[in-house]
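Geometric and topological summary
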Amino acid sequence: MMRGKQHYATAVRLPTTKEIVVDRGELKASIYVNPDLEAAFHPRLALIGEQLHLGMKSLIWSANMNASGKDIVIGKKEITGSVAVAGVFALVLFIGLPLLLASLAVHTSGNFLFVLVEGLVRVGLVLGYLAAISLLPDVKRVFMYHGAEHKTINAFESGWSLDIPSVRRASKLHPRCGTGFLIVVMVVSVVVFSIVAIFHPNWFWLVASRLLAIPIIAGAGFESIRFMARHRRNPVIKVLLLPVLGTQLLTTREPADDMLEVAICAFNSAREGEEETAGAAA
């Protein structure tokens, strides 16, 4: 799935005919164009909401394309249920369990050591989880498509032609990536929760602070990723980007040529939409 400022495109290769089909659309729903939403939330948080909405929409469409011919229909209800279960699982695994293990190790919640141990446990759980699921064949295939997306964008940003040989030699790592965003978020969370620790919160406020701070941490993490991506040539930023890019080694794999073809098709479709809109406005 590729997104421009006003258009998106999702490309899927049908499992039966091997044909590439594309769903291209304009970003005109209220979540993308309603300024009241950005007024109610931080603009970066609104953008994260847009990405989640678009991702779910593309997921439903692509899943139904792959299920075509099998009398299977996957709708919003099924996807929403899956996301809800995954959300509860993530809260327990990545918020509840680090708090529990940190409390067993440090025995007090009102100091920096507790926050540091909690953060290290969370990083370990995230990296371990990504490493474990990458062993699953279906997930490995998803990670190959993830690499194809990155290679296509890197080739475009380098000014290379968007054909398979050119895209193939591009890097499968990119600073504006959701995997790197996770690492930055966890670093930001240590800073934020260290401030919370100054007030020596009890267990109720300790747990509540982890939930209430999610928008603040996500917004700060998003800004940090964008800043580092813009200044990626800076020597200091290059060093800071090393763990961000290194983590992507877990969630990207070298794609096959047919995967690169799908990624290039999605990118070109999204770009065509942007060019058509620009031409109509000229």
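Above this text sits the structure in question.
Everything numeric here is computed off the predicted structure, so don't read it as measured data.

Our next topic: the overall build of the protein. For the protein, the count of helices and strands is twelve helices and three strands. Counting all 282 residues of the protein, 40% fall into the buried class. Across the protein, the fraction of contacts at a sequence separation of at least 24, relative to all contacts at a separation of at least 6, is 68%. For the protein, the computed accessible surface area is about 15,600 Å², with 68% contributed by carbon and sulfur atoms.

The subject of this paragraph is the sheet that holds strand 2 (residues 7-13). Where strands meet in a sheet, backbone hydrogen bonds hold them as pairs that are either parallel or antiparallel. Taken together, the three strands give an open sheet; going across it, the order is 1-2-3, and neighbouring strands pair in antiparallel fashion. With partners counted over all chains shown, the strands left at the sheet margins are strand 1 (2-3) and strand 3 (20-26), one partner each.

A few words on the nonpolar core. Counting residues in hydrophobic clusters, the biggest one holds 18 residues, and the most contacted among them are I217 and M228. For I217, the residues in contact, after removing those within four places along its chain, are V185, V188, S189, V192 and F193. Ranked by size, the runner-up nonpolar core spans 17 residues in total, among them M259, L260, V262 and I264.

Within strand 2, seven of the seven residues are buried, which leaves it mostly tucked inside the rest of the structure. Of the two faces of strand 2, both are covered, the one formed by H7, A9, A11 and R13 as well as the one formed by Y8, T10 and V12. Where strand 1 lies against strand 2, two bridges are found, and the strand directions are antiparallel. By the bridge assignment for strand 2, R3 is matched with Y8. Pairing of strand 2 with strand 3, which is carried by seven bridges, proceeds in the antiparallel orientation. From the neighbouring strand, H7 faces strand 3, where its bridge partner is E26.

Before going further, it helps to examine helix 11 (residues 235-247). At L241, helix 11 is deflected by roughly 40°, the largest bend along its length, and proline P243 occurs up to four residues later in sequence. Of all the positions in helix 11, only I237, L241, V244 and T247 are classed as buried.

The subject of this paragraph is unusual backbone geometry. A positive phi is found at K18, a non-glycine position, where the angle reads about 65°. With respect to the helices and strands, the residue K18 is situated in the loop between strand 2 and strand 3. Relative accessible area serves as the criterion here: at 51%, K18 is assigned to the exposed category. Its identity is not glycine, yet H107 carries a phi of approximately 75°, on the positive side. For H107, the location among the structural elements is in the loop between helix 4 (76-106) and helix 5 (112-133). Under the relative-accessibility criterion, H107 is labelled exposed at 68%.

Counted according to the given criterion, the structure contains ten salt bridges. Of the charged contacts in the structure, one is a salt bridge between R176 and E157, with a shortest N-O distance of 2.5 Å. Separated by 19 residues along the polypeptide, R176 in the loop between helix 7 (164-168) and helix 8 (178-197) and E157 in helix 6 (residues 137-157) bring together distant segments of the chain. A salt bridge links R168 to E254; the shortest N-O distance between them is 3.4 Å. Pair noted here: R168 is in helix 7 and E254 is in the loop between helix 11 and helix 12 (257-281), with a separation of 86 residues, a long-range link. When its relative accessible area of 28% is taken as the criterion, R168 is described as partly exposed. What emerges from the salt-bridge pattern is a single network uniting K151, R168, E254 and D257.

Calculation criteria
- Residues numbered from 1 in each chain as written.
- Predicted model: local features only at pLDDT ≥ 70, side-chain atom pairs only at ≥ 80, totals over all residues.
- Heavy atoms only, no water.
- Helix = DSSP H or I, 4+ residues; strand = E, 2+ residues; numbered from the N terminus.
- Buried < 20%, exposed > 50% of the residue type's maximum accessible area, 1.4 Å probe, protein only.
- Contact = heavy atoms within 4.5 Å.
- Areas by Shrake-Rupley, 256 points an atom, 1.4 Å probe, with all protein chains shown as cover.
- Pairing = 2+ DSSP bridges.
- Core = buried A, V, L, I, M, F, W, Y, C linked by side-chain atoms within 4.5 Å.
- Bend = angle between axes of the 7 residues up to and from the residue.
- Salt bridge = Lys/Arg side-chain N within 4 Å of Asp/Glu carboxyl O.

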